[in-house]
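Breakdown of the fold
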Amino acid sequence: MKEFYIDSDGIKLHAKLDRPEGADKGPLCILIHGFTGHMEEDHIIAAQKAINEAGVSVLRVEMYGHGKSDGEFKNHTLYKWVTNALSVVKYAKSLDFVTDLYLAGHSQGGLLTMLIGGMCPDDFKSIIPLSPAWMIPEISREGNILGIPFDPDHIPDVLTNGDIELSGDYVRVAQTIHVEDEIARYKGPVLIIHGDADDVVPFSYAEKAERLYNNAKLIPIKGDDHCFTKHLDQMYDALKTFFDNEITNNL
């Protein structure tokens, strides 16, 4: 494992590169956590290990205001995350061992995966949204975030729920994003993994994404929640099987 920082317009993004033992040239999957998350969460580590087990290198990166990366959480926005992700993609493409590039992310990282997939469709062999929270722009336009109702035409400067505090800019940015546009731009294979008992991001959004994408497969994890805490092994197996097939098909 190699630990380092990636520069994103002066913002230092904490990163770890995990490569399969004895790996030479080969594919790489960028892996991104979700809202309030970080790269050492159980479901992120499980995803990393599953992908490594299939013979694929994994680049875990923490976005603005999360983990050990620069920035305060309350000041993060989806625009900042998009800028971060584009910097990470540029870095990954510069690595001389990379043959094919994949992108995976959980929750808000899954939303980011969907956005970046549409922005850079030629860069990725496949994208893998895990429990993608792509309803965030929609509910921001409706006037509800973190369970906090607000007037969507008169956004407060700060939104607070318990220990979580967000700048109103988070909502202002989210309101401008239309994920369907980026879904339409990405024509490659998409693997969506989502617990069908998720009480954070309704499973119906995964079903809708599967219908809208040109070439998507949805794997439901029966009875599981947002972070796959009940059946983490099934999420692991779904990812490993997907990447095993990718490697086999490329031999």
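Residues numbered from 1 in each chain as written. Predicted model: local features only at pLDDT ≥ 70, side-chain atom pairs only at ≥ 80, totals over all residues. Heavy atoms only, no water.

**Observations concerning the pairing of strand β5 (residues 98-106)**
Cut-off, in case you're wondering: Pairing between strands is defined by DSSP: at least two bridges between them are needed. Secondary structure follows DSSP: runs of H or I at least 4 residues long count as helices, runs of E at least 2 residues long count as strands, and numbering of each begins at the N terminus. Note on handedness: a clockwise path from strand one over the helix to strand two, with the strands aimed away from the viewer, defines a right-handed crossover.
Alignment of strand β3 (residues 26-32) against β5, held across six bridges, turns out to be parallel. Of the residues in β5, the one forming a bridge with Gly26 is Val98. Sheet topology note: the β5/strand β6 (residues 126-130) ladder contains five bridges and is parallel. Bridge pairing links His106 to Leu130 in β6. In this fold, β5 hands off to helix α3 (residues 108-119), which returns the chain to β6; that crossover is right-handed.

**Focus on the sheet that holds strand β4 (residues 57-61)**
Quick reminder of the rule: Angular values range over 0 to 180 degrees, each being the angle between N-to-C directions of two axes fitted as lines to C-alpha atoms, with helices fitted over their stretch in contact. Here, residues are in contact when the closest pair of their heavy atoms is within 4.5 Å.
As summarised here, the arrangement of the eight strands in space is β1-β2-β4-β3-β5-β6-β11-β12, forming an open sheet in which the pairing is mixed. A single partner strand is all that each edge strand has here, and the edge strands are β1 (2-8) and β12 (216-221). Between one strand axis and the next, the sheet turns by 20° as a mean value, whatever way the strands run. Pairing between strand β11 (residues 190-195) and β12: six bridges, direction parallel. Within β12, the position partnered with Gly195 by the bridge is Ile221. In this fold helix α2 (residues 78-94) packs onto β1, β2 (11-18), β3, β4 and β5, with an angle of close to 120° to the strand it touches most, β1.

Distances and angles like these do not, on their own, reveal function.
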